[in-house]
Amino acid sequence: MLNDLHSFAARVREAIRLQSSGATVLTDAPFNELALELFRLQFAHNGVLRRTCEARGVEPQSVHHWSQIPALPAVAFKEFELTCLPASARTMFFQSSGTTSTQRSRHFHCAESLALYEASLWAGFGAHLLAGLAPTVGGWQLLALTPPLASVPRSSLVHMFETIRQRVGASPTMFCGTVAADGSWLLDSQRVIDTVQDAVSVARPVVLLGTAFSFVHLLDALTARGLKLVLPAGSRVMETGGYKGRSRELPKAGLHALITERLGVPCSHIVCEYGMSELSSQAYDGVAGAATDDQLAAARAFAFPSWTRVQVVSPETGRDVAPGESGLVRIFDLANVYSVLALQTEDLAIRRAAGFELIGRAVAAEPRGCSLMPADVH
């Protein structure tokens with residue numbers, strides 16, 4: 001029943017493998033062909049998508065370019081089962097972050113979709129965070145400021161960190177977070193400090209992964225102890241996500257300046273990641289060590305890999321805005337084989353030549369013409 005989707009997923013994995021090896025990239029023509037084929041498959045398998053398209057008068061034969069594929073709002077994952085997988089084929093699901101009192105998105109997976117998710121995340125992470133490092137740990141240290149996967153099995157971010165841990169052969173003890181009774185994430189700052197100081201003592205570079213709010217917790221702990229560490233040369237930081245009320249909020253530049261001040265990691269080695277539980281690919285705003293601090297200060301922009309396309313669209317018209325103008329981020333992800341490939345987010349961004357610059361969230365902004373779900377799709 002799902003053989004056509006499994007076959008397509010295998011082809012996307014091969015495309016990712018080829019790009020990772022430097023053999024090829026998905027240029028516009030093959031990307032368009034794959035996107036249209038995937039839309040046809042999802043139209044056939046995903047009832048919510050099909051009924052939404054029919055309510056809009058859109059059918060696969062009327063779509064000739066990937067940009068014409070209807071984008072469903074990311075928030076629809078909270079209301080509907082946006083999946084091609086029958087209940088019997090679902091092996092797990094990722095859930096968006098939030099409190100237990102709020103409705104959260106669910107992105108269903110099977111073994112094949114997880115394998116594709118992991119191939120996609122590894123290709124992006126390796127290209128942007130591991131440049132100049134050995135492919136496995138030994139000469140460097142991996143550390144995550146999150147709880148382990150066993151404590152938060154629905155977190156796509158921690159699943160990503162666990163996948164990376166296994167790929168590089170790091171210890172399961174690399175996770176320095178725990179989960180409080182109310183579900184919030186806590187950080188064992190002293191453990192992070194002790195581990196980092198051990199790495200400093202033997203000049204072993206550290207790759208430090210965490211959310212923005214977990215870095216604030218760590219930096220506040222360092223400030224409270226009057227500590228300024230200088231991580232060994234080659235160390236790098238991957239920072240992701242927002243604050244979600246879990247710490248005081250800092251402007252991006254301010255957070256990075258504090259990381260540099262308290263951990264000794266230059267901005268050139270701080271890489272931001274953009275992802276969400278409803279997607280299977282991630283965007284990054286640079287490659288660790290590839291640009292100078294001044295170059296990054298002038299132009300930080302997120303970019304997705306070649307198996308993904310992104311638009312910044314006007315909430316009024318649903319069309320691309322001009323470079324330098326702001327709009328909502330819309331993503332077309334070929335690795336999202338088993339749900340929907342076209343996703344309309346509520347993230348506001350400025351369109352840049354090399355990608356997009358995030359500027360915030362359009363909370364409660366329901367864009368006309370691009371994210372309305374018909375009332376009768378249940």
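Residues numbered from 1 in each chain as written. Predicted model: local features only at pLDDT ≥ 70, side-chain atom pairs only at ≥ 80, totals over all residues. Heavy atoms only, no water.

## A closer look at the overall build of the protein chain
- The helix and strand tally for the protein chain stands at ten helices and 14 strands.
- Taking 378 residues into account, the globule formula puts the C-alpha radius of gyration at 21 Å, and the protein chain, at 21 Å, falls close to it.
- The principal-axis extent of the C-alpha atoms belonging to the protein chain is close to 65 × 45 × 40 Å.
- Taken across its 378 residues, the protein chain has 53% of its residues classed as buried.
- Expressed as a percentage of contacts within the protein chain between residues at least 6 apart in sequence, the contacts between residues at least 24 apart total 68%.
- Approximately 15,800 Å² of the protein chain is accessible, and the part contributed by carbon and sulfur atoms is 53%.
- On the protein chain, the mean spot of the 32 positive side-chain charges and the mean spot of the 34 negative ones are 2 Å from each other. (Helix = DSSP H or I, 4+ residues; strand = E, 2+ residues; numbered from the N terminus. Rg over C-alpha atoms; globule rule 2.2 N^0.38 Å. Buried < 20%, exposed > 50% of the residue type's maximum accessible area, 1.4 Å probe, protein only. Contact = heavy atoms within 4.5 Å. Areas by Shrake-Rupley, 256 points an atom, 1.4 Å probe, with all protein chains shown as cover. Lys, Arg positive; Asp, Glu negative; His and termini not counted. Charge placed at Lys NZ, Arg CZ, Asp CG, Glu CD.)

## Structural notes on the packing of helix α1 (residues 3-20) against helix α5 (residues 111-129)
- Where α1 meets α5, the closest approach of the two axes is 10 Å, and the angle between their N-to-C directions is 15°. When the axis of α1 is compared with that of α5, the two are roughly parallel. The crossing of α1 and α5 is left-handed. Across the interface between the two elements, H6, A9, V12, R13, I16 and S20 from α1 touch E112, A115, L116, A119, S120 and A123 from α5.
- The class makeup of the residues in the contact of α1 with α5 is seven nonpolar, three polar and two charged. (Axes fitted to C-alpha atoms, helices over the stretch in contact; angles between N-to-C directions. Parallel < 35°, antiparallel > 145°, perpendicular 65-115°, else oblique. Left-handed = near helix turned anticlockwise from the far one by under 90°. Nonpolar A, V, L, I, M, F, W, Y, C, P; charged D, E, K, R; others polar.)

## Here's the deal with the nonpolar core
- Ranked by internal contacts, the top residues of the largest apolar core, which has 60 residues, are F39, I69, L82, Y274, L334, V337 and F356.
- Of all the secondary-structure elements, those providing two or more residues to this core are α1, α2 (28-45), α3 (47-56), α4 (76-79), α5, β9 (270-274), β12 (326-333) and β13 (342-352).
- Among the elements that make up this core, the one with the highest residue count is α2 (eight residues).
- Of all hydrophobic cores here, the second largest spans 30 residues; its members include L114, L130, W140 and A170. (Core = buried A, V, L, I, M, F, W, Y, C linked by side-chain atoms within 4.5 Å.)

## Observations concerning the sheet that holds β9
- Spatial strand order, β4-β7-β8-β9-β10: five strands in an open sheet with mixed pairing. The open sheet has two edge strands with one neighbour each: β4 (141-144) and β10 (283-284).
- As paired elements, β4 and strand β7 (residues 206-211) share four bridges and run parallel to each other. Bridge pairing in β7 links A144 to L209. (Pairing = 2+ DSSP bridges.)

## Here's the deal with the confidence of the model for the protein chain
- Here the protein chain shows a mean pLDDT of 90. Residues at 70 or above account for 92%.
- Confidence drops under pLDDT 50 across residues 365-378; counting only partners more than four residues distant or on other chains, this segment forms 32 contacts. (pLDDT = per-residue confidence, 0-100.)

## A closer look at the packing of aromatic side chains
- Using the criterion set out here, one finds eleven aromatic pairs in the structure.
- Geometrically, the ring pair formed by F94 and Y117 is tilted, given 5.2 Å between the ring centres and 55° between the ring planes. Note that F94 is positioned in strand β2 (residues 92-95) and Y117 in helix α5, a separation of 23 residues in sequence.
- The ring of F93 has R106 lying over it, and the distance from NZ or CZ to the ring centre is 5.8 Å. (Phe/Tyr/Trp six-rings, centres within 6.5 Å; stacked < 30°, edge-to-face > 60°. Lys NZ or Arg CZ within 6 Å of the ring centre and 35° of its normal.)

## Brief notes about the packing of α5 against helix α6 (residues 156-168)
- Their axes nearest at 10 Å, the elements α5 and α6 cross at an angle of 70°. Between α5 and α6, the angle falls in the class roughly perpendicular. Across the interface between the two elements, L114, Y117, E118, A119, L121, W122 and F125 from α5 touch S156, H159, M160, T163, I164, R167 and V168 from α6.
- Counted by class, the contact of α5 with α6 contains nine nonpolar, three polar and two charged residues.

## Topic: the pattern of salt bridges
- Counted by the stated rule, this structure contains 13 salt bridges.
- Note that E81 is salt-bridged to R90, the shortest N-O span being 3.1 Å.
- For R361, the salt bridge is made with D347, and the minimal N-O distance between the two is 3.0 Å. In this pair, R361 sits in strand β14 (residues 355-361) while D347 sits in strand β13, placing the two residues 14 residues apart along the sequence.
- Classification of R361 as exposed rests on a relative accessible area of 51%.
- In this structure D347 comes out as buried when scored by relative accessible area, which is 8%.
- Each of E81, R90 and R106 takes part in a single network of salt bridges with overlapping partners. (Salt bridge = Lys/Arg side-chain N within 4 Å of Asp/Glu carboxyl O.)

## Let's talk about α6
- Helix length check: α6, at 13 residues, gives a terminal C-alpha distance of 18 Å against a target of 18 Å (1.5 Å per residue), a fit within 8%.
- With respect to burial, α6 is a largely interior element, eleven of its 13 residues being buried.
- Considered for burial, the residues of α6 that qualify are S156, L157, V158, H159, M160, F161, E162, T163, I164, R165 and V168.
- Where α6 begins, the capping side chain belongs to S155, and its oxygen is found 3.4 Å from the backbone nitrogen of L157.
- Downstream of α6 by one or two residues, G169 has phi in the positive range, about 75°. (Expected span 1.5 Å × (residues − 1). Polar contact = N/O pair within 3.5 Å; in protein donor to acceptor, adjacent residues only side chain to side chain.)

## Quick look at the environment of H45
- Following the sequence through the fold, H45 ends up in helix α2.
- Distance from H45 to P86, taken between C-alpha atoms, is 9.1 Å for residues 41 residues apart in sequence.
- Looking at H45, its side chain comes within polar contact range of the side chain of D4, at 3.0 Å.

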